[in-house]
Amino acid sequence: MEFDKDSNLSVSARVVSVWTGRPKDDEAIISVRYNGRCFSIHVSPSFFHNSPAATALCPKYLQAIESFCDGEYEDEVDTDVRKWIIDLFTPIYVQLAPEPLPSFDPEKIRSGDAKPLLSEYLFPQTFGFRLEAVNEVYNPRHVDNDGGLLTPCAYLDGDLLDDMEDWTRFINPAEIEVYFQNPRDALDKMPRRVLVDLDGSGQMTTCFFKEPSGIGSKDCPMSIEIKAYAKMHKANFGPDVRVPRLHGVVHNDEPNDSTLGLLLSYIDQRATLHQAVKDDPPLAMRQKWAKQIEHTLKELHRAGVIWGDPKPDNIMIDKEDNVVLVDFEGGHFTMGWVDAEKVGTVEGDLQGLQNIMAFLFKPNTDEIDSRASKL
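Residues numbered from 1 in each chain as written. Predicted model: local features only at pLDDT ≥ 70, side-chain atom pairs only at ≥ 80, totals over all residues. Heavy atoms only, no water.

1. What to know about the packing of aromatic side chains
All told, the structure shown has 13 aromatic pairs when counted by the stated rule. For the pair Y34 and Y93, a centre-to-centre distance of 6.1 Å together with 35° between the ring planes defines the contact as tilted. In this pair, Y34 sits in strand β2 (residues 28-34) while Y93 sits in helix α2 (residues 78-96), placing the two residues 59 residues apart along the sequence. Grouping residues by exposure puts Y34 and Y93 together as buried. Their ring planes at 45° and their centres at 5.5 Å tell us that F39 and F129 sit as a pair that is tilted. In this pair, F39 is assigned in strand β3 (residues 37-49) and F129 in strand β4 (residues 126-134), connecting sequence segments 90 residues apart. Counting every residue linked through ring pairs, the aromatic cluster contains Y34, F39, F89, Y93, F127 and F129. Above the ring of F47, the side-chain terminus of R130 is found at 4.6 Å from the ring centroid. The ring centre of Y266 lies 4.7 Å from the NZ or CZ of R193, which sits over that ring. (Phe/Tyr/Trp six-rings, centres within 6.5 Å; stacked < 30°, edge-to-face > 60°. Helix = DSSP H or I, 4+ residues; strand = E, 2+ residues; numbered from the N terminus. Buried < 20%, exposed > 50% of the residue type's maximum accessible area, 1.4 Å probe, protein only. Lys NZ or Arg CZ within 6 Å of the ring centre and 35° of its normal.)

2. Re helix α6 (residues 221-235)
For α6, spanning 15 residues, the distance from its first C-alpha to its last is 21 Å, which sits close to the expected 21 Å at 1.5 Å a residue. Residues of α6 that are buried include every one of M222, S223, E225, I226, A228, Y229, A230 and M232, and no others. In this structure, the buried residues of α6 make contact with β6 (153-155), α5 (158-164), β10 (204-210), β12 (246-252), β13 (258-265) and α8 (283-302). Downstream of α6 by one or two residues, N236 has phi in the positive range, about 55°. (Expected span 1.5 Å × (residues − 1). Contact = heavy atoms within 4.5 Å.)

3. Considerations on the environment of F170
By the secondary structure assignment, F170 is in strand β7 (residues 170-171). Take F170: its relative accessible area is 32%, and that puts it in the partly exposed class. F170 has contacts with L161, M164, E165, V249 and H251, leaving out every residue within four places of it along the chain.

4. Observations concerning the pairing of β13
Of all 8 residues in β13, 7 are buried; the element is thus mostly enclosed. Two strands pair when backbone bridges link them, and β12 and β13 are joined in this way by 6 bridges, in the antiparallel orientation. Residue pairing across strands places L246 opposite L264, the latter belonging to β13. (Pairing = 2+ DSSP bridges.)

5. Comments concerning the side chain of E132
With respect to the secondary-structure elements, E132 resides in strand β4. Polar side-chain contacts of E132 include one of 2.8 Å to the side chain of R130. Looking at E132, its side chain comes within polar contact range of the side chain of R141, at 3.2 Å. When neighbours within four sequence positions are excluded, E132 is seen to be in contact with F47, F48, V137, Y138, N139 and R141. (Polar contact = N/O pair within 3.5 Å; in protein donor to acceptor, adjacent residues only side chain to side chain.)

If you want it as structure tokens, here you go:
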């Protein structure tokens, strides 16, 4: 019961999220975007009848398709499994969404006739599907025109929301324009670059939209990151402290008072530090980056902010060859850069800094590749 490695996608469709039913991990909702719509595919062994081979493979396929997994199953990679499930449902995608919606049409976006809004991407038209199997034959089935899409969001503590009103802005996603350098990406990708009128002047500011990693509440990663940016705001950092600024939060008052993401300074990024070091920059450039990293981390600690996951992939290099430290959501770390027992502490940040400096000035290709494989 193997999937066909040689099948060809006839449409541009993309798996954008996988929600598993942990701790069992034997069922999932797989969300696929195509032509501006979202297709939520429910995969569960309970939909498989007289199909022991398909039932046995189900949890292994789900493990391979999850983005946080290494993606390998019997020498296959996650893109093959994703391709397989997309191909199964391709005829239904084409039937239900034969043409792009106007706000997702690359030609209309390119000409300026369409100005898509973030709300249209966060809450797209959604269809519900499930993958069935009978006698070891897979049967993709369209079950509804709702799909039960779970938009990533955070339900923040009321006190935190009240505090945020004093120093940042709440912006409805229907007031935020999205920007794609390649309009074709509008069909199947979530926007990261957005345009926002922050002060009501009509002047649009380019921001980076960072959405939550899932559904969270209270001390979720987004809550931790907002608290870190609150401390940065209070510290009133100058431009020498190389971190993004929080310009606002994307928030829905109705129907459930949820926070849908952060609006951060947009970094015109050239590379991550990990990528830049592989290009063998001159010593003077490495020294400049080291000084900026050390100074920024020192000022963050002075303001009471813990970086949490220090590593070269959380350091951006902008087009002017300056560093920007990113990712302050805490709660996770990368093996090889910080010891588990030191995560979320100043000591852990300093250990990560020491490892970053060693990486910056004494790069070992094998070590770089080994650590990168764990990121």
